[in-house]
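Structural features, examined
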Amino acid sequence: MKIVFMGTPDFAVPSLQALIDSPHEVVGVFTQPDRPKGRGGKVQASPVKQLAVRHGIPVFQPERIRRDGVEDLRGLAPDLCVTAAFGQILSQEVLDIPRLGTVNVHASLLPRHRGSAPIAWAILQGDAEVGVTTMLTDKGIDTGAMLLKKSLPRDPAMTCGELTEVLSRVGASLLMETLAGLEDGTVKPVPQDESRMTYDPMLKKEMGEIDWTQSGEAVANRILALNPWPGCSVPWGEGRLKLLRAAAAEGAGQPGEVIASGKTGLVVACGEGAVAVTQLQAPGGKAMAAADYLRGHPIPVGTRLA
RNA sequence: CGCGGGGUAGAGCAGUUUGGUAGCUCGUCGGGCUCAUAACCCGGAGGUCGUGGGUUCAAGUCCCACCCCCGCAA
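Since we're looking at a predicted model, the values are computed, not measured. Starting from 1, residues in each chain are numbered consecutively following that chain's sequence as written. Following the order in which they are written, the chains are lettered starting with A and the ligands numbered starting with 1. Note on the predicted model: pLDDT of at least 70 is required for a residue's local features to be given, and 80 or more for side-chain atom pairs to be given and counted; whole-chain, interface and lining totals, by contrast, use all residues. Note: side-chain values were computed over all heavy atoms of the structure, leaving out hydrogens and water.

Turning our eyes to something else, we now look at the domain arrangement of chain A. Residue ranges for the domains trace back to a domain assignment, done automatically or taken from a database. Each assigned domain of chain A is listed here: domain 1 (2-196) and domain 2 (205-296). A C-alpha centroid distance of 33 Å is found between domain 1 and domain 2. The term buried area refers to how much accessible surface (probe radius 1.4 Å) is lost by two components on association, counted for both of them together. Summing both sides of the interface, domain 1 and domain 2 together bury roughly 840 Å²; the carbon and sulfur share of this comes to 60%. Contact with domain 2 buries area across many residues of domain 1, yet I123, L124 and T159 alone supply 49% of it, more than any other trio. The working definition used for a salt bridge is a side-chain nitrogen of Lys or Arg within 4 Å of a carboxyl oxygen of Asp or Glu. On the surface where domain 1 and domain 2 come into contact, there are one salt bridge. In protein, a polar contact means a hydrogen-donor-capable atom and an acceptor-capable atom, both N or O and within 3.5 Å, with residues adjacent in sequence counting only if both atoms are side-chain atoms; elsewhere, any N or O pair within 3.5 Å suffices. Taken together, domain 1 and domain 2 are joined by four residue pairs in polar contact (both at pLDDT 80 or more). Each helix is a run of H or I in the DSSP string that is no shorter than four residues. Each strand is a run of E no shorter than two, and both are numbered from the N terminus. Every element with two or more residues in the side of domain 1 that touches domain 2 is listed here: α6 (118-124) and α7 (160-184). Of all the elements, α6 adds the most residues to the side of domain 1 that touches domain 2, at four residues.

Spelled out as structure tokens, the structure:
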């Protein structure tokens, strides 16, 4: 089949790689325009673009595909479109172009966690099961009929970044299964149960503010869910102390009060229980184990974090 | 040329303003105490102070260049 791939970040890379390695022909790749990124404001190509370029696949980067990418897409005459974390909404006009439709790889167990940050929300809400769903894209946001689903138990120690990497590989293999199933007719679209659907908004920077009156588990999940972006932090000296990794812990005290500090990490009392911050990052410093940080910067028990 | 922080023992840091033979916490090794311990006491090993130049009687500390890491902003 002639396939056009649409995707942008690291999550989409394994799926594109799988298509490249398959007998299918990837005739074009759509990805977000290069944007200024990193220090010095240097523009940088998306991970998907970098991979496409390495394989000599034509790359298209319209600001809005539904506005100024339609003709390019039509010109590629794809049998099928595959999307994975593309970052743009497809119009009906775009969806009508591929003969066999558009398959999307979504990093949640639909109909839960529709939206652009499904993995973070799954962690944020403490889901026991996480996974990937392949689906036929329709005009709504993640509302199309489901094709295949793969779920796995969530490792409560994993950050969003780590889980994203795991699920990106799960997504790639599920995509291959899905395409094979569509070709031999063993995979049939199943409508989503609208009554059980949840739509989660994009992550915002403000979500990184810690509310110590929440339970220790909730605080730990927030820290994990928002790593690497936007990250949780607390005011610290001139800047902010970033909290990168944590786990629910035993203990009690005033919310925000440090109740243990040392080899076990930084244990902070919460509204219910406590949270052990195990990895953090000080202004200007690298990410490091909390125990390492505390050797050079002791934080006495009793300190109150905002 | 977007703004800014930092590179000193295995780890995390202080010391740089006022140049003068390198220090703290932890780890590690050896010994001691203890029913016992992530406890305590004693002792030891371990550092070309990011790299290359320069100034100086003397440079971690001052000057110049370069490399690497990180935060903000996007």
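Pairing of aromatic rings covers Phe, Tyr and Trp, the last counted by its six-membered ring, and requires centre-to-centre distances within 6.5 Å; plane angles under 30 degrees mean stacked, over 60 mean edge-to-face, and any other angle means tilted. By the definition in use, this model includes one aromatic pair. Seen in terms of ring centroids, F30 and F60 are 5.0 Å apart; in terms of plane orientation they differ by 20 degrees. Their pairing is stacked. One end of the pair, F30, is in strand β2 (residues 25-30); the other, F60, is in strand β5 (residues 59-60), and 30 residues separate them in sequence. This pair shows no difference in class: F30 is buried, exactly as F60 is. A simple rule labels every residue: compare its accessible area, found with a 1.4 Å probe on the protein chains alone, to the largest value its type can have, and call it buried under 20%, exposed over 50%, or partly exposed in between.

We now examine the protein's contact with RNA strand B. In the neighbourhood of RNA strand B, 19 residues make up the surrounding shell, with R39, K205, G285, K286 and R295 lying closest. Here RNA strand B approaches the protein such that, of its atoms within 4 Å, sugar and phosphate make up 57%. At a separation of 3.3 Å, a sugar or linking oxygen of RNA strand B approaches a polar backbone atom of Y293. Elements with a contribution of two residues or more to the surface near RNA strand B: β3 (35-37) and α9 (290-296). For the surface near RNA strand B, the element with the highest residue contribution is α9, accounting for four residues. For the surface near RNA strand B, the class distribution of residues is three nonpolar, eight polar and eight charged. Residue proximity to a molecule or strand is established when one non-hydrogen atom of the residue lies within 4 Å of it. When residues are sorted by character, Ala, Val, Leu, Ile, Met, Phe, Trp, Tyr, Cys and Pro go into the nonpolar class, Asp, Glu, Lys and Arg into the charged class, and all the rest, Gly among them, into the polar class.

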